[in-house]
Amino acid sequence: MTDIASLQTQLLADIAAANDPAAVETLRVAALGKQGSVSALLKTLGAMTPEQRQSEGRAIHDLREAVSAALAARKAELENAALDAQLAGERLDMSLPAPPRHEGSIHPVSQVMDELAEIFADLGFAVATGPEIEDDWHNFTALNIPETHPARAMHDTFYFDREDGEGRKMLLRTHTSPVQIRKMVADGAPVRIIAPGRTYRSDSDATHTPMFHQVEGLVIDRGIHMGHLKWTLETFLKAFFETDDIHLRLRPSYFPFTEPSAEVDAWYRVEKGRRVLGGSPDDGPQETNPGGWMELLGSGMVHPKVIAAAGLDPEEWQGFAFGCGIDRLAMLKYGIDDLRAFFDGDLRWLKHYGFSALDVPTLSGGVSSSGVGA
Ligand code: PHE
């Protein structure tokens, strides 16, 4: 009897200590299998006297019951624990907040183009486009820059080594001014357009990239004069920089396609080492009012030869035009220092200076944007 009791104690302890289903199975075979210790005891029942069977036999049956129950319980326990562990490992907490996701952003150049379209739409200007691969008639000749003109050499033009069907040299447009010609040829007069887009010159340093962006403005109508030009530029720049504190200077200049021509400078102040548009030279001497004139754009009254080249009568139609660097506008407005970084495609730069796609510039809501991060 003590043998049975101590075997039970031992077996139950072993079963409790088994820590995986395979160990439980090994114990089961060792106790209840054909050669098992409990099975061996059961085999002794046949040789027992009825009295022995009453006492010892009962104990052996109880032992077998206890051991099978313990094995089944331990097996279930271990299987449940294994399932729990697996479930815990595969758990997904659907209530956790979604991880941050970079959604892509609007490049400052695109942002400024959108702002320009919005500002000029309010002044009645449509947006026009033209090809970046141009011919030398649209890019130069029709703009009163004949073959021998020194301005052609000044443009550092990228030429293709082929001509179009009409024997015109093909090139990457050096400015957006050929869109003036294309617009007048296509639609006649009157005209009120801006033409933003890519332009190309073989020039590369800290402030020049071989590809850059310009916006062209063109107004053709009857009785247009320099006053219209000046008002339009002032209105545009005040809306763009969102301040009335803009002081402009029209400086006589020369472009073959405008006569008279003027370069437009704006006064800037130096704030924390940075140039910021605003103020005027009348605010005080340099020591207390550090600042200067910054060239913003080229402009003028469209040359009668250009109007005639585009098929209109210059006696009837006059107009003004201007051309302005978009990258420069973006740098000034959004405090970006390095032009070359605009076109590196560095994701960190794009995240930092990019604008939310949902933050569309509108005159009513504000043409500038606070940026993606804000
Ligand atoms: N096309 C000129 C440039 O690229 C700018 C300009 C445009 C000047 C229209 C006058 C009128 O420098």
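Coordinates for the structure precede this section.
Residues numbered from 1 in each chain as written. Predicted model: local features only at pLDDT ≥ 70, side-chain atom pairs only at ≥ 80, totals over all residues. Heavy atoms only, no water.

Draft legend 1. Molecular detail of the side chain of Asn-139. Its location among the elements puts Asn-139 in helix α6 (residues 136-139). A polar atom in the side chain of Asn-139 sits 3.0 Å from the side chain of Thr-174. (Helix = DSSP H or I, 4+ residues; strand = E, 2+ residues; numbered from the N terminus. Polar contact = N/O pair within 3.5 Å; in protein donor to acceptor, adjacent residues only side chain to side chain.)

Draft legend 2. How the structure looks around the packing of helix α5 (residues 108-122) against helix α9 (residues 226-241). Interaxial distance between α5 and α9 falls to 10 Å at its minimum, and their mutual angle equals 130 degrees. Between α5 and α9, the crossing angle belongs to the class labelled oblique. The two elements α5 and α9 meet at a crossing, and its hand is right-handed. Where α5 approaches α9, its residues Val-112, Glu-115, Leu-116, Ile-119 and Phe-120 are matched on the opposing element by Thr-232, Phe-236, Ala-239 and Phe-240. The residue inventory of the contact of α5 with α9, partitioned by class, reads seven nonpolar, one polar and one charged. (Axes fitted to C-alpha atoms, helices over the stretch in contact; angles between N-to-C directions. Parallel < 35°, antiparallel > 145°, perpendicular 65-115°, else oblique. Left-handed = near helix turned anticlockwise from the far one by under 90°. Contact = heavy atoms within 4.5 Å. Nonpolar A, V, L, I, M, F, W, Y, C, P; charged D, E, K, R; others polar.)

Draft legend 3. Structural view of the pattern of salt bridges. Enumeration according to the criterion identifies 21 salt bridges in this entry. Of the charged contacts in the structure, one is a salt bridge between Glu-132 and Arg-198, with a shortest N-O distance of 3.3 Å. One end of the pair, Glu-132, is in the loop between β1 (126-127) and β2 (133-135); the other, Arg-198, is in strand β5 (residues 191-200), and 66 residues separate them in sequence. Accessibility expressed as a relative area gives 27% for Glu-132, which makes it partly exposed. The partner of Glu-263 in a salt bridge is Arg-251, with the nearest N and O atoms 3.6 Å apart. (Salt bridge = Lys/Arg side-chain N within 4 Å of Asp/Glu carboxyl O. Buried < 20%, exposed > 50% of the residue type's maximum accessible area, 1.4 Å probe, protein only.)

Draft legend 4. Up close: helix α4 (residues 50-89). Here α4 contains 40 residues, and its C-alpha end-to-end distance of 57 Å stays within 8% of the 58 Å for a straight helix at 1.5 Å per residue. Most pronounced at Glu-56, the bend in α4 amounts to some 35 degrees. (Expected span 1.5 Å × (residues − 1). Bend = angle between axes of the 7 residues up to and from the residue.)

Draft legend 5. Spatial organisation of the nonpolar core. Among the nonpolar cores identified, the biggest contains 43 residues, and Leu-116, Phe-236 and Leu-277 are the most heavily contacted of them. Where this core is concerned, the elements lending two or more residues are α5, β6 (211-221), α9, β8 (258-271), β10 (291-302), β11 (318-325) and α11 (326-334). Every residue in contact with Phe-236, bar those within four places of it in the chain, is listed here: Leu-116, Ile-119, Phe-120, Leu-297 and Leu-329. (Core = buried A, V, L, I, M, F, W, Y, C linked by side-chain atoms within 4.5 Å.)

Draft legend 6. Here's a closer look at unusual backbone geometry. In this structure, the amide linkage connecting Ala-189 to the following residue, Pro-190, adopts the cis form with an omega of 0 degrees. Tracing the sequence through the fold places Pro-190 in the loop between α8 (178-187) and β5. Of note, the bond from Glu-259 into Pro-260 is cis; its omega dihedral lies within 30 degrees of zero at -5 degrees. Non-glycine residue Asn-144 carries a positive phi angle of around 65 degrees. Mapped onto the fold, Asn-144 is located in the loop between α6 and α7 (150-154). Given a relative accessible area of 18%, Asn-144 falls into the buried group. Residue Lys-272 is not a glycine yet carries a positive backbone phi of 50 degrees. In this fold, Lys-272 is placed in the loop between β8 and β9 (274-277). Its relative accessible area of 90% is what places Lys-272 among the exposed residues.

Draft legend 7. Expanded view of the packing of α5 against α11. Between α5 and α11, the shortest axis-to-axis distance is 9 Å and the interhelical angle comes to 95 degrees. Judged by the angle between their axes, α5 and α11 are roughly perpendicular. Residues Pro-108, Val-109, Gln-111, Val-112, Met-113, Glu-115 and Leu-116 of α5 pack against Ile-326, Asp-327, Leu-329, Ala-330, Lys-333 and Tyr-334 of α11. For the contact of α5 with α11, the class distribution of residues is nine nonpolar, one polar and three charged.

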